[in-house]
Amino acid sequence: MTATTATPTSPDAATPDWLAELTAALGRDSVLTDPDVTASYARDQAMLAPAGTPAAVVLPRTTEEVSAVMRIAHAHGVPVVPRGAGSGLAGAANAVDGAITLVMTRMDAVLEVSTADRLAVVQPGVVNKALRDEVARHGLFYPPDPSSYDWCTIGGNLANNSGGLCCVKYGVTTDYVLGMEVVLADGRVLRTGRRTVKGVAGYDLPKLFVGSEGTLGVITEATLSLRPAPRTPVTLVATFSSTAQTGQVVEAAVSCGVVPSLMEVMDRTCIRAVDDMLKADLDRDAHALLVAQSDAGGEAAVAEMEVLAQLCRDAGCDLVHVTDDAAEGDLLLAARRMALPALEQLGTTLIDDVAVPRSRIAAFLDGCDAIARERGLVIGVVGHAGDGNMHPTICFDPTDAEQAQRAHRAFDDILELGLSMGGTITGEHGVGNLKSEWLEREIGPVSLDVHRSIKRALDPSGLLNPGKMFSAG
């Protein structure tokens, strides 16, 4: 692996050969080397994950240009870090010193929407919400909806196997991937997958690239399955005086077969932070707030939410309210979507992403509360109660070195807590370089060796996103 330094903005005698070749292949407007510009592409939203300085930022427009970038990088031994919009929360898109940061946002076309086959073919730079809006015009629905859905890109969603609020009913990104076009480390273009509903020929290679965080190839096109458009949702909100009651409702809902289209939880810290921001007249004394929706439509949706409402009453909730008014439902859901922005008002945030069995949600919430007290920090927990994916968010002052150290220790405490409950270190944000030390602890040495073997087979020189997920070994 060859490290290089930042270079002039136009080829001259001091310009490395690889940079001159990139400029010749893609044009000067696609190859950026001004340090003031490249610095803005150095990191994603995981502000405390380590980041380097890219030697160049390259913005391709076509698969052929991506292939040219990888051929040049491969020939000269230059590392490449694929990047989307930078909305990630684990440092997976953070720059590496001397590397090329390959920004895919110019490849932003929805190439096809087929109502007959119920699929869409898209480039990686398409924004999640833009795709959802486009397929909605055809009466269709693309379910994965990360909280950053209005600016995160499909390529990043694929690379991190993103989830969102609808996972309890609809699953995560990988559940919607039919086929894929990927540029490999040496510049070859791989087309894999299918357009058919069924297909079992060969290894399921598209699933291999989903969640690989840019370490195996650069995704340049994806064929995605779609669902029929959901019906107008019916929304439920309930508050509880204990986390145990909330956990009881989630377990009971799963046991009785209720499958809402979303079921979200916020702890007291989040409730108060959101209320301070939105002035929404939330119950500031509640220990937990549950928001759920059913998109089954009409009386079926009302009936589904009434079953959940009764489960809340049986658990001793303080308040439960069901509405079929779409505008009111949007307002209730807005409180959930504003949880992380509200917590950011309390300081720099270190956002964790732990998924635990649904039977352990209450114990996990209580455990995070205990960690907050032990470390002397504010920790708010918001998460997808329907699938057990929690997002404890640590608020602290990064200019206070001692407090920052306690925040990092709390981050590790939370990961340890999740693993001790049979959980996972990430449900949707990925590993990146923020959690790479924890991956082996979860998957074990044999599984890690298999991961490394796959990496070496597809990227023997280790040029794609080095240092992310795990070391080369």
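Residues numbered from 1 in each chain as written. Predicted model: local features only at pLDDT ≥ 70, side-chain atom pairs only at ≥ 80, totals over all residues. Heavy atoms only, no water.

1. So, the sheet that holds strand β8 (residues 177-183)
So, step 1. Within the open sheet, the five strands sit side by side as β5-β6-β10-β8-β9. Their pairing is antiparallel. The sheet is open, and its two borders are formed by β5 (110-114) and β9 (189-193), each paired with just one other strand. Neighbour-to-neighbour, the strand axes of the sheet open up by a mean angle of 10 degrees, direction not taken into account.
So, step 2. Most of the contacts of helix α3 (residues 63-76) go to β8, to which it runs at about 50 degrees, and overall it touches β8, β9 and β10 (218-225). (Pairing = 2+ DSSP bridges. Helix = DSSP H or I, 4+ residues; strand = E, 2+ residues; numbered from the N terminus. Axes fitted to C-alpha atoms, helices over the stretch in contact; angles between N-to-C directions. Contact = heavy atoms within 4.5 Å.)

2. Digging into a nonpolar patch on the surface
So, step 1. A contiguous nonpolar patch, built from Val446, Val450 and Ile454 and spanning about 250 Å² of accessible area, is present on the exposed surface.
So, step 2. Within the element layout of this structure, Val450 appears in helix α15 (residues 436-458). (Patch = residues over 30% accessible without salt bridge, like charges linked within 9 Å, V, L, I, M, F, W, Y side chains within 5 Å. Areas by Shrake-Rupley, 256 points an atom, 1.4 Å probe, with all protein chains shown as cover. Salt bridge = Lys/Arg side-chain N within 4 Å of Asp/Glu carboxyl O.)

3. Looking at the nonpolar core
So, step 1. By size, the foremost hydrophobic cluster in this structure holds 56 residues, and its most contacted members are Leu308, Phe364 and Ile394.
So, step 2. The leading source of residues in this core is helix α14 (residues 401-420), at eight residues.
So, step 3. Within the second largest apolar cluster, 25 residues are counted, among which are Ala120, Ile219, Leu224 and Leu226. (Core = buried A, V, L, I, M, F, W, Y, C linked by side-chain atoms within 4.5 Å. Buried < 20%, exposed > 50% of the residue type's maximum accessible area, 1.4 Å probe, protein only.)

4. Topic: the confidence of the model for the protein
So, step 1. The predicted model of the protein has a mean per-residue pLDDT of 93, with 97% of residues at 70 or higher.
So, step 2. Below a pLDDT of 50 lies the segment residues 1-13, which in the model reaches 29 contacts outside its immediate sequence neighbourhood of four places, other chains included. (pLDDT = per-residue confidence, 0-100.)

5. Things to note about the environment of Cys312
So, step 1. Along the chain, Cys312 falls in helix α10 (residues 298-314).
So, step 2. Between the alpha carbons of Cys312 and Val249 there is a distance of 5.9 Å; along the sequence they are 63 residues apart.

6. Comments concerning the packing of α14 against α15
Each packed pair of helices is defined by two parameters, the angle between the axes and the distance between the axes.
So, step 1. At a minimum axis distance of 12 Å, the contact between α14 and α15 shows a crossing angle of 10 degrees. Considered as vectors, α14 and α15 are oriented roughly parallel to each other. In this structure, the crossing between α14 and α15 has a hand that is right-handed. Contacts from Asp412, Leu415, Glu416 and Leu419 of α14 reach α15 at Trp438, Arg441 and Glu442.
So, step 2. Across the contact of α14 with α15, the residue classes tally to three nonpolar, no polar and four charged. (Parallel < 35°, antiparallel > 145°, perpendicular 65-115°, else oblique. Left-handed = near helix turned anticlockwise from the far one by under 90°. Nonpolar A, V, L, I, M, F, W, Y, C, P; charged D, E, K, R; others polar.)

7. Focus on a negative patch on the surface
So, step 1. A grouping of Glu299, Asp324, Asp325 and Asp330 is seen on the molecular surface, where their side chains present a negatively charged patch.
So, step 2. Position of Asp324 relative to the elements: it lies in the loop between β15 (319-323) and α11 (326-337).
So, step 3. Residue classification places Asp324 among the exposed positions, given a relative accessible area of 57%. (Lys, Arg positive; Asp, Glu negative; His and termini not counted. Charge placed at Lys NZ, Arg CZ, Asp CG, Glu CD.)

8. Side note on the side chain of Glu213
So, step 1. Take Glu213: it is sitting in the loop between α7 (205-209) and β10.
So, step 2. Salt bridges are absent for the buried Glu213, whose nearest opposite-charge side chain, Lys468, sits at 7.7 Å.
So, step 3. A polar contact of 2.7 Å, which involves the side chain of Glu213, links it to the backbone nitrogen of Gly432.
So, step 4. Leaving out residues up to four positions away in the same chain, Glu213 has contacts with Ala92, Ala159, Asn160, Gly430, Val431, Gly432, Asn465 and Met469. (Polar contact = N/O pair within 3.5 Å; in protein donor to acceptor, adjacent residues only side chain to side chain.)

9. As for helix α13 (residues 361-375)
So, step 1. The first and last C-alpha atoms of α13 sit 21 Å apart over 15 residues, in line with the 21 Å expected at 1.5 Å per residue.
So, step 2. In this structure, the buried residues of α13 make contact with α8 (243-256), β17 (354-355), β18 (378-384), β19 (389-396) and α14.
So, step 3. Positive phi appears at Gly376, one or two residues downstream of α13, with a value of about 65 degrees. (Expected span 1.5 Å × (residues − 1).)

10. Here's the deal with the pattern of salt bridges
So, step 1. The tally for this structure, following the rule as stated, stands at 20 salt bridges.
So, step 2. Asp186 is the salt-bridge partner of Arg188, the closest N and O atoms lying 2.9 Å from each other.
So, step 3. Judged by relative accessible area, Arg188 falls into the exposed class, the value being 54%.
So, step 4. With a closest N to O distance of 3.1 Å, Asp275 and Arg284 form a salt bridge.

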